[in-house]
Amino acid sequence: MSTVNADQTAKALEIPFIKEMSEITQHMWRNGWDERNGGNVSYILDEAEVARYLDINHVIRVIEPAFPVNELAGKYFIVTGSGKYFKNVIHDPSGNLGILRVSNDGTKLELLWGLDNDAKPTSELASHFMSHIERLKADPNHRVVIHNHATNVLAMTFIHDLDEAKFTKTLWEMCTECIVVFPDGIGIIPWMVPGSSEIGRATAEKMKEYHSVIWPQHGIFGTGTSIDEAFGLIETIEKAAQIYMLIAHHEIKQRITERELSDLAAAFGVIPRPGILSV
Ligand code: 2HA
Ligand code: ZN
């Protein structure tokens, strides 16, 4: 086992995006959403932002991605490492996180910081990269993909119909603010083997239309223009799923009606995904 250098950790945590990744992974672990090595995060960084803290001309190691990513050529990312525990990131950022640049031809990953002791980027890099490509097409300000095993979302995929419109409507009905936070609804893919390019393609296909995608009996992907936004989206969906799980065995005496959901959307200036509300 490598010894964690306390001075190096303190210095790394002075870099804003390393601190942000370390804090959010710790937060998710404390929420119980990232047992063992569960979950992964990738975050697009500006070149100037990275150059302020690191020598961007010093490539520590070159990593071969499973597939070329021309669409992301020249982009910088901070990512969680494969097999790494969210619990440990804040105590050893450079052992558990890495800062990478996609080479100009899109065929290599140039490691600029972290992933100590030959660690690799997240096992879900395919899903992350393919999702970044689609979200960037939809929104040039997109930056963050977070995957975790949010407990109640996962539980809900056992007992709720996995039809996207029905699932979305149920979540909107659980908390007043849901329709405002995710008017575009939730994408859902079939159960698939994680870590593969196939699950990456299926997830990214949904990302063309949705900010968030559920992997049944596994977890959730949330995206956004910042860590706060991507995390806040997952937090809101998980809260709605928690309410659903809390009330699932009880008699419902009153609920938010479809009319009220429409009124909410109008009041907050959001357009609910068509085909979900009938009023
Ligand atoms: O182990 O969450 O989906 C990391 C994961 C894989
Ligand atoms: Zn997972």
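Calculation rules
Residues numbered from 1 in each chain as written. Chains lettered and ligands numbered in written order. Predicted model: local features only at pLDDT ≥ 70, side-chain atom pairs only at ≥ 80, totals over all residues. Heavy atoms only, no water. Donors = N, O, S within 2.8 Å, 3.2 Å for Na, K, Ca; no water. Helix = DSSP H or I, 4+ residues; strand = E, 2+ residues; numbered from the N terminus. Buried < 20%, exposed > 50% of the residue type's maximum accessible area, 1.4 Å probe, protein only. Salt bridge = Lys/Arg side-chain N within 4 Å of Asp/Glu carboxyl O. Axes fitted to C-alpha atoms, helices over the stretch in contact; angles between N-to-C directions. Parallel < 35°, antiparallel > 145°, perpendicular 65-115°, else oblique. Left-handed = near helix turned anticlockwise from the far one by under 90°. Contact = heavy atoms within 4.5 Å. UniProt positions renumbered as here; feature names shortened; annotations may be inferred. Core = buried A, V, L, I, M, F, W, Y, C linked by side-chain atoms within 4.5 Å. Nonpolar A, V, L, I, M, F, W, Y, C, P; charged D, E, K, R; others polar. Pairing = 2+ DSSP bridges.

### Here's the deal with the coordination of the zinc ion (ligand 2)
- Of the protein atoms, only H147 (NE2), H149 (NE2) and H218 (NE2) coordinate the zinc ion (ligand 2), at distances of 2.0 to 2.1 Å.
- Counting along the primary sequence, the residues that act as donors to the zinc ion (ligand 2) give the motif H-x1-H-x68-H. Taken together, the residues H147 in strand β6 (residues 144-148) and H218 in the loop between β8 (212-215) and β9 (219-224) connect sequence positions 71 residues apart. For the residue pair H147 and H218, the accessibility class agrees, reading buried in each case.

### Quick notes on the pattern of salt bridges
- Applying the stated criterion to the full structure yields 14 salt bridges.
- Salt-bridge contacts for K19 lead to E23; the nearest nitrogen and oxygen are separated by 3.4 Å. Of the two residues, K19 and E23 both sit in helix α2 (residues 16-30), four residues apart, roughly one turn of that helix.
- Taking the relative accessible area as the measure of exposure, E23 reaches 40% and is therefore partly exposed.

### Here we look at the packing of helix α7 (residues 151-159) against helix α11 (residues 227-247)
- Relative to each other, α7 and α11 sit at 50°, their axes nearing to 8 Å. With respect to α11, the axis of α7 lies oblique. Note on packing geometry: the crossing formed by α7 with α11 is left-handed. Residues T151, N152, V153, A155, M156 and I159 of α7 lie in contact with α11, whose contacting residues are I237, E238, A241, Q242, Y244 and M245.

### Structural notes on the UniProt feature "active site" (unreviewed entry) in the protein
- The sites that UniProt annotates as "active site" (unreviewed entry) are E124.
- The topology assignment puts E124 in the loop between β5 (109-114) and α6 (125-138).
- Ignoring anything within four residues of it in the chain, the contact list for E124 reads N40, P194, G195, I199, W215 and H218.

### Overview of the nonpolar core
- Counting 55 residues, the largest nonpolar core has I18, I78, I99 and L171 as its most contacted members.
- If you tally residues by element for this core, the top one is α11, at nine residues.
- Not counting residues within four places of it along the chain, the set of residues in contact with I78 comprises F17, I18, M21, V41, S42, Y43, L45, L97, G98 and I99.
- Counting 19 residues, the second-largest nonpolar core is a separate cluster that includes F67, V69, L72 and L115.

### So, the packing of α6 against helix α10 (residues 197-207)
- Orientation of α6 relative to α10, taken along the N-to-C sense of each, is 25°, at an axis distance of 8 Å. When the axes of α6 and α10 are compared, the pair comes out roughly parallel. Two packed elements cross with a definite hand, and for α6 against α10 that hand is right-handed. For the pair formed by α6 and α10, the contact residues are A126, S127, M130, S131, E134 and R135 on the first element and S197, I199, G200, R201, T203, A204 and M207 on the second.
- Taken together, the residues of the contact of α6 with α10 sort by class into five nonpolar, five polar and three charged.

### Quick look at the sheet that holds strand β3 (residues 76-80)
- Ordered in space as β2-β5-β4-β3-β1-β6-β9-β8-β7, the nine strands form an open sheet in which the pairing is mixed. Each edge of the sheet is formed by a strand with only one pairing partner; in this case those strands are β2 (61-63) and β7 (187-188).
- Where strand β1 (residues 40-45) and β6 come together, four bridges link them in antiparallel fashion. Considered in β6, the bridge of V41 is made with I146.
- Here α10 sits on the sheet in contact with β7, β8 and β9, set at roughly 145° to β8.

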